[in-house]
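Now for the letters of each chain:
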Amino acid sequence: MRGLGRQSGQPVSLATVPEEELERIAGYGFEAVWLMGIWLRSRWSRRRARSHPELQARIRQLLPDYHEQDVVGSPYAVADYRVDPALGSDGELQTLRQRLARRGMRLILDFVPNHLAADHPWIDEHPGRLMRADREDLLKSPEDYFLHRTNGLDLIFAHGRDPNYPGWTDTVQLDYRLPETREAMERCLLQIAERCDGVRCDMAMLPTRSIFLRTWGGRFEPPEAQFWPRAIEKVKKLHPDFLAIGEVYWDMEWELQQQGFDYTYDKRLYDLLLADDSRGTRLRLNAEIEFQNHLARFVENHDEDRAVTAFGDHRVRPAAVVSMTLPGMRLFHDGQLEGNRLQVPVQLARRPAEPPDPALAGFYRRLIQALQHPVFHRGEWAPLTPQEEWFGNPSFNNIIAHRWIFRGHRRVTVANLSSEPAQCFLPLNLPGLGGKNWQFEDLLGESSYSREGDDLVVRGLYLDLPAHGCHLFDLRLAGNPATSARG
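These numbers come from a predicted model, not from an experiment.

Caption draft 1: Representation of the state of the cysteines. Throughout the structure, instances matching the rule amount to 0 disulfides. Not engaged in a disulfide, the cysteine cysteine 201 finds its nearest cysteine sulfur in cysteine 196; these two sulfurs lie 9.7 Å apart. Its relative accessible area of 1% is what places cysteine 201 among the buried residues. A disulfide-free cysteine, cysteine 424 has its sulfur positioned 14 Å from the sulfur of cysteine 470, the nearest such atom. The class for cysteine 424 is buried, based on a relative accessible area of 0%.

Caption draft 2: Just the sheet that holds strand β1 (residues 32-34), in detail. Overall, parallel pairing links the 7 strands, which are arranged β1-β4-β10-β11-β12-β13-β14 in an open sheet. In the strand order of this sheet, the two ends are held by β1 and β14 (329-330), each with one partner. Sheet topology note: the β1/strand β4 (residues 106-111) ladder contains 3 bridges and is parallel. Bridging from a neighbouring strand, valine 33 pairs with leucine 107 of β4.

Caption draft 3: Region of the structure containing the nonpolar core. If you look at the biggest cluster of nonpolar residues, it comprises 111 residues, and the most contacted ones within it are Tyr81, Phe111, Trp228, Tyr364 and Leu367. Tallying contributions element by element places helix α17 (residues 358-371) first for this core, with 7 residues. Aside from chain neighbours lying at most four places away, what touches tryptophan 228 is Phe111, Pro113, Cys201, Ala204, Pro207, Thr208, Glu233, Leu256, Gln259 and Phe261.

Caption draft 4: View of the pattern of salt bridges. Inspection of the entire model under this criterion finds 35 salt bridges. Two residues, arginine 284 and aspartate 266, come together in a salt bridge whose shortest N-O distance is 2.7 Å. Here arginine 284 is found in helix α13 (residues 278-285), whereas its partner aspartate 266 is found in the loop between β12 (263-265) and α12 (267-274), with 18 residues between them in sequence. Across the pair, aspartate 266 and arginine 284 agree in class, each one buried. Put simply, aspartate 266 and arginine 297 hold a salt bridge, and the shortest N to O gap is 2.5 Å.

Caption draft 5: Structural context of the environment of cysteine 201. Looking at where cysteine 201 falls in the secondary structure, it is placed in strand β10 (residues 198-201). Placed 70 residues apart in sequence, cysteine 201 and methionine 131 show a C-alpha to C-alpha distance of 20 Å. With sequence-adjacent residues up to four places away left out, cysteine 201 is seen in contact with Phe111, Trp228, Ile245, Gly246, Glu247 and Phe261.

Caption draft 6: Here's a closer look at the environment of valine 412. Looking at the element boundaries, valine 412 is found in strand β17 (residues 409-416). Spatially, the C-alpha atoms of valine 412 and phenylalanine 473 are 5.0 Å apart, while their sequence positions differ by 61 residues. Sequence-distant contacts of valine 412, that is, excluding residues within four places in its chain, are made with Leu384, His402, Arg403, Leu426, Leu428, Leu430, His471, Leu472 and Phe473.

Caption draft 7: Structural view of the sheet that holds strand β19 (residues 437-442). Here we have 6 strands laid out as an open sheet, ordered β15-β16-β17-β22-β19-β20, and antiparallel in their pairing. Looking at strand neighbours, the two that pair on one side only are β15 (380-384) and β20 (448-452), the edges of this open sheet. Ignoring strand direction, the axes of neighbouring strands in this sheet form an average angle of 25°. Sheet analysis places β15 next to strand β16 (residues 399-406), joined by 5 bridges and oriented antiparallel.

Caption draft 8: Just α12, in detail. Here α12 has its buried residues at Lys267, Leu269, Tyr270, Leu272 and Leu273. As for α12, its buried residues are in contact with β12, α13, β13 (295-297), α15 (307-311) and α16 (316-324). Looking at the residues trailing α12, positive phi occurs at aspartate 276, about 55°.

Conventions used here
- Residues numbered from 1 in each chain as written.
- Predicted model: local features only at pLDDT ≥ 70, side-chain atom pairs only at ≥ 80, totals over all residues.
- Heavy atoms only, no water.
- Disulfide = S-S within 2.5 Å.
- Buried < 20%, exposed > 50% of the residue type's maximum accessible area, 1.4 Å probe, protein only.
- Pairing = 2+ DSSP bridges.
- Helix = DSSP H or I, 4+ residues; strand = E, 2+ residues; numbered from the N terminus.
- Core = buried A, V, L, I, M, F, W, Y, C linked by side-chain atoms within 4.5 Å.
- Contact = heavy atoms within 4.5 Å.
- Salt bridge = Lys/Arg side-chain N within 4 Å of Asp/Glu carboxyl O.
- Axes fitted to C-alpha atoms, helices over the stretch in contact; angles between N-to-C directions.

Read these as spatial facts, not as claims about activity.
In structure tokens:
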């Protein structure tokens, strides 16, 4: 929404998203759009952001023409689960959802389960659902607690937080130990599910029993209670195709999948790629396919540096090729496809204009066009294991490879994660290679290679990749016309 407003020169609401913008997004082949920041923003959060010295300094560096009105507060300090009037109405949200559906795209919205805005109505209407504290807590950790006068009483509440960091000072913590709180948040989730096709659940591991008790102590009522299994089951009973996407860290991806999530963030893979850790990446990709199928892969999101900034111009390509050609969900961030380099605080209503990076935009265009093929959606995936090219050359360890098969279509991804050239022989584990000649067409560039099938069976595909080099091969019989990117 911010980007649209900047491009058009006018604020854009849910009712005025241009048709050409929806066509542009649909043209990439995306199956869903996640709109962040739809829900009512908090005045408390807005005041905090406008007075936070470090945030203010960062904003003024990004926006030389900054005005106080540019700061609208955090989308993760939800003041109420209704559409913010600055963006439109519930009716306009439903109209946008229908417009997306006509183009084959789902609407994904945020659900923030761990906390609410510090000025949410529940602080006065239902203070018993929130995490309370005493004056000793407030004196000991004033950044984690706050005093609020409600119904003639001075009450002390905890700010929302995870166990590793101080509290988010524009939020109030929900108390998931209590059945009343869990049931109230179930109702919130059900109400959201009436208005969209899925939710991206912020910090989804925080309400789990183990993490919550590690953070806050005490005990659940009853002791075996968990929030997510029952909440997701209730939603799926009414909306069987509803998508639950969890932002999950601390190696809890599988646990949250077992609690009902369709997809969980693969932050572990992101960190491995960022570190050029080929061994760790290979181990990660050897996990069970059932686990792989329910991971959400990314090289950029609003919490991380822009991909081209984090990885650099050369490393971002192999990282994107590896992660985006894996099974599971593929996440792309607003501005990523244009090569944006500036990470914008979520409290801002607009962002600075950035010229697109033509080379990186062209790379993403080719990658996304290739990903539209059914092989990447309905095919069979498997990791491949590079073999030493000659004794004493360890560079094969730096190559990551995998392949897809679907109805005679074959795709092979290869990437060198190191800053040095790498060589290997790559067994392809593909049926029917022998006795034929094969053409390897690189869908990311202009390269094309001919190889004999018998040699591929005996030794594998020989690769000599430059530093951070990568290919996405369409493997077809030599002499056959190239297959369509859409199949």
